[in-house]
Amino acid sequence: MNGTLLALLGYVLLQLAVVFLLARRPQTESDYLLAGRSLGPWLAVFSVFATWFGAETCIGATAEAYAGGLGAVAADPFGYALGIVAMGLVFAAALRRRGLLTLADLFRHRWGPGIERLAALVMIPSSLLWAAAQVRAFGQVIASVSELSLIAATGLAALVVIIYTAVGGMWADAWTDLVQGLVLILGLVLLLTVFALAGGFETLPETAAAAAARAPGRDRPLIEVLAVPVFGTIAAQELTSRVLSMRDVTLARSATVAAGVVYLAVGLIPVVVGLGAAATLGADLEPEQVLSRYAQTQLPPVLYVVFLGALLSAILSTLSGALLVAGSLAARNLIAPLAGEQITERGRLRLNRAAVVVFGVIAYLISLGSESLYALVEQASGLASAGVLVLMVVAIFIPALGGIASAAAALLASVVVYALASALDWTMPYLASLAAAALAYAVLAPFGPRSGDTVPAL
C-alpha cells in the first residue's frame with residue numbers, strides 16, 4: 001500500500017469519524033433528512049455547493065473543455081450554476097415556507113398520496129444514476145493510486161459511502177460538506193496556481209482555439225444543452241432537500257443563490273485547466289484522465305495528495321446527498337405510508353437508514369455496468385425531471401389549475417417521451433419531454449378529481 005493511498009484512506013477515515021461523532025444527533029426523521037431545519041449561512045452555502053460540485057464537474061468539465069473547447073462546457077459549470085441561482089431566486093422561499101420533508105410531500109398536499117408515490121417512483125432512478133456516477137468516479141480515483149482493480153476499488157468506495165450516509169444523515173452530511181467544500185476549493189486553487197506559474201495562461205488562447213477546432217460538431221442545439229442542467233437542477237430533490245434544511249426563508253433564498261455563484265467561480269478552474277492542458281500533456285489523451293494526469297505530473301507529491309483529497313471531497317459530498325435523497329423518497333413517500341400511524345419516529349429513522357443501504361448497493365451495481373461518467377450524469381439530470389418541474393410550477397404558482405389526472409399524465413408523459421426521444425436520438429429529447437409534460441397537464445386539467453388535500457398558502 002503506497003503513501004498516496006494511505007493518505008487518502010486517512011482522509012476518508014477522518015470523514016467517517018466526524019459522521020460517527022454526529023451519529024446520535026438525529027432523533028427524528030426531520031433531523032435525519034433535514035438536519036432539523038437549522039442550517040446556518042456557512043453550512044447552507046457549502047451544503048448546496050459541495051453536493052452539486054461532483055465528479056462530473058471536476059473530471060467531466062475538464063474532459064469536455066480539453067476535447068471540445070469552451071463551447072463544450074455550456075452545461076457544466078454554466079448551466080448547473082444558472083439552475084442553482086434560479087432555484088434560489090424563484091422557488092427556494094416558496095418551498096421552505098411549506099414545512100415539507102421531501103419534494104414528493106408537496107405533490108401529496110396538492111394532488112394526494114397517489115401522485116406523491118408516482119412522483120417518488122420517477123425521481124428515485126435519477127438519484128440512483130447520479131449516485132452511480134459518483135461511485136464510479138470514486139472507484140477510478142482509488143484504482144489510479146493503488147493496485148486494486150476497478151471493481152474492487154468501486155466496491156470499497158460504495159461501502160464507505162453507504163456507511164457514511166446511513167449513519168449520519170443530513171447532520172453529518174452538512175458538516176462534512178463544509179469541510180469537503182473547503183478542501184475542494186483549496187485543492188483546485190492550488191492546481192490553478194501551478195497552472196499559472198507554469199505559463200498556462202500564456203498559451204491558453206492557442207490551446208483553447210486548437211481544442212475548439214478539433215471539437216466534433218454539436219449534435220444538439222444550445223437551448224437543449226442548457227435546458228437539461230438548468231431545469232434538471234431546479235427539479236432535483238437533492239437541491240430541494242438542502243433548501244428545506246436551511247433555518248429560515250430568507251436564508252433559503254440567499255444561500256442558494258450564493259452557492260450558485262461559488263459553483264460557477266470554482267467550476268471555471270477545471271475548465272481553464274482543460275483548455276490549457278494540451279500545451280503540457282499533448283492533445284491525444286483520454287479526456288476523462290486529463291485532470292488527474294495534469295495534477296499528477298505538475299504537482300509535488302504532497303500537493304498531489306491534497307488535490308486527490310479535493311477530488312474525493314467532491315465525490316463524497318455529491319454521492320452521500322444522492323443516496324440520502326433516494327432513501328428518503330423510498331422510505332418516507334413509498335414505504336412508510338403503507339404502515340400508517342403504527343410506525344414510530346425510531347421506526348422511520350431505521351427505515352430511512354435501511355433504504356440508504358439498499359440504494360447504495362444498487363448504485364454500485366449500476367456503476368459496474370456503465371461506460372461513461374458523463375452519460376450517467378446526463379441521464380440523471382434529464383430523466384423524469386421535466387414532469388416534476390411542471391408539477392412544481394403548478395403546485396407553487398397556479399395551484400387552482402388541473403387535478404390528479406393531469407398530474408399523473410404530466411409525470412408519465414415526461415418519462416415516456418424522454419426515453420423514446422433518447423432511444424430515437426432526437427436532437428432535443430429533454431425539451432420534447434418538457435413540452436409533453438406541460439401539454440399533458442393542460443389537456444387533462446379539466447378532468448378528474450382536483451386533489452387529495454390542499455396546498456398551504458404562501
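This one's a predicted model, so the numbers in the text were calculated from it and none came from an experiment.

## Focus: the packing of aromatic side chains
For step 1, the next point in the chain: Tallying each qualifying case throughout the model produces 10 aromatic pairs.
For step 2, the next point in the chain: Between the aromatic rings of Phe 195 and Phe 201, the centroid separation amounts to 5.3 Å while the plane-to-plane angle is 85 degrees, which identifies the pairing as edge-to-face.
For step 3, the next point in the chain: Among the residues examined, Phe 195 registers a relative accessible area of 0% and is labelled buried.
For step 4, the next point in the chain: Their ring planes at 55 degrees and their centres at 6.1 Å tell us that Phe 195 and Tyr 294 sit as a pair that is tilted. Within this pair, whereas Phe 195 is found in helix α8 (residues 150-197), its partner Tyr 294 is found in helix α14 (residues 290-298), the two being separated by 99 residues in sequence.
For step 5, the next point in the chain: Under the relative-accessibility criterion, Tyr 294 is labelled buried at 1%.
For step 6, the next point in the chain: An aromatic cluster is defined as three or more aromatic residues linked by ring pairs; in this entry it consists of Trp 42, Phe 46, Phe 49, Phe 53 and Tyr 263.

## Let's talk about the nonpolar core
For step 1, the next point in the chain: Counting residues in hydrophobic clusters, the biggest one holds 153 residues, and the most contacted among them are Leu 95, Phe 107 and Leu 391.
For step 2, the next point in the chain: Apart from the residues within four sequence positions on either side, Leu 95 is in contact with Met 87, Leu 100, Leu 103, Leu 106, Thr 240, Leu 244, Met 392 and Ile 396.
For step 3, the next point in the chain: Counting residues in each nonpolar core, the second largest holds five residues, with Ala 413, Val 417, Ala 436 and Ala 440 among its members.

## Quick notes on helix α15 (residues 301-339)
For step 1, the next point in the chain: When the terminal C-alpha atoms of α15 are compared, their 54 Å separation across 39 residues agrees well with the 57 Å that a helix rising 1.5 Å per residue should span.
For step 2, the next point in the chain: A bend of about 30 degrees at Ala 331 is the largest found in α15.
For step 3, the next point in the chain: Taking burial as the measure, the 39 residues of α15 include 30 buried ones, the bulk of the element.
For step 4, the next point in the chain: Positive phi shows up at Gly 340, right after α15, with a value of about 65 degrees.

## Focus: helix α1 (residues 3-21)
For step 1, the next point in the chain: Over its 19 residues, α1 extends 27 Å from the first C-alpha to the last, a length consistent with the 27 Å expected when each residue adds 1.5 Å.
For step 2, the next point in the chain: Where α1 is concerned, the buried positions are Leu 5, Leu 8, Tyr 11, Val 12, Gln 15, Leu 16 and Val 19. Angularly, the buried residues of α1 cover 140 degrees about the axis, an arc narrow enough to put them on a single face. Turned more than 90 degrees away from the buried face of α1 sit Gly 3, Leu 13 and Leu 21, all of them exposed.

## As for unusual backbone geometry
For step 1, the next point in the chain: Following Asp 76, the chain continues to Pro 77 via a peptide bond in cis, the omega torsion being 20 degrees.
For step 2, the next point in the chain: Summarising the element assignment, Pro 77 is placed in helix α5 (residues 74-97).
For step 3, the next point in the chain: For Arg 37, which is not glycine, the phi dihedral falls at a positive 55 degrees.
For step 4, the next point in the chain: Mapping Arg 37 onto the fold places it in the loop between α2 (29-34) and α3 (41-52).

## With respect to the packing of α8 against α14
For step 1, the next point in the chain: At a minimum axis separation of 11 Å, α8 and α14 run at an interaxial angle of 65 degrees. The orientation of α8 with respect to α14, classified from their angle, is roughly perpendicular. The interaxial crossing formed by α8 with α14 has left-handed handedness. When α8 is examined against α14, the residues Leu 191, Val 194 and Phe 195 are found in contact with a partner set consisting of Leu 291, Tyr 294, Ala 295 and Gln 298.
For step 2, the next point in the chain: Looking at the contact of α8 with α14 residue by residue, the classes come out as six nonpolar, one polar and no charged.

Conventions used here
- Residues numbered from 1 in each chain as written.
- Predicted model: local features only at pLDDT ≥ 70, side-chain atom pairs only at ≥ 80, totals over all residues.
- Heavy atoms only, no water.
- Phe/Tyr/Trp six-rings, centres within 6.5 Å; stacked < 30°, edge-to-face > 60°.
- Buried < 20%, exposed > 50% of the residue type's maximum accessible area, 1.4 Å probe, protein only.
- Helix = DSSP H or I, 4+ residues; strand = E, 2+ residues; numbered from the N terminus.
- Core = buried A, V, L, I, M, F, W, Y, C linked by side-chain atoms within 4.5 Å.
- Contact = heavy atoms within 4.5 Å.
- Expected span 1.5 Å × (residues − 1).
- Bend = angle between axes of the 7 residues up to and from the residue.
- Arc of directions from axis to C-beta.
- Axes fitted to C-alpha atoms, helices over the stretch in contact; angles between N-to-C directions.
- Parallel < 35°, antiparallel > 145°, perpendicular 65-115°, else oblique.
- Left-handed = near helix turned anticlockwise from the far one by under 90°.
- Nonpolar A, V, L, I, M, F, W, Y, C, P; charged D, E, K, R; others polar.

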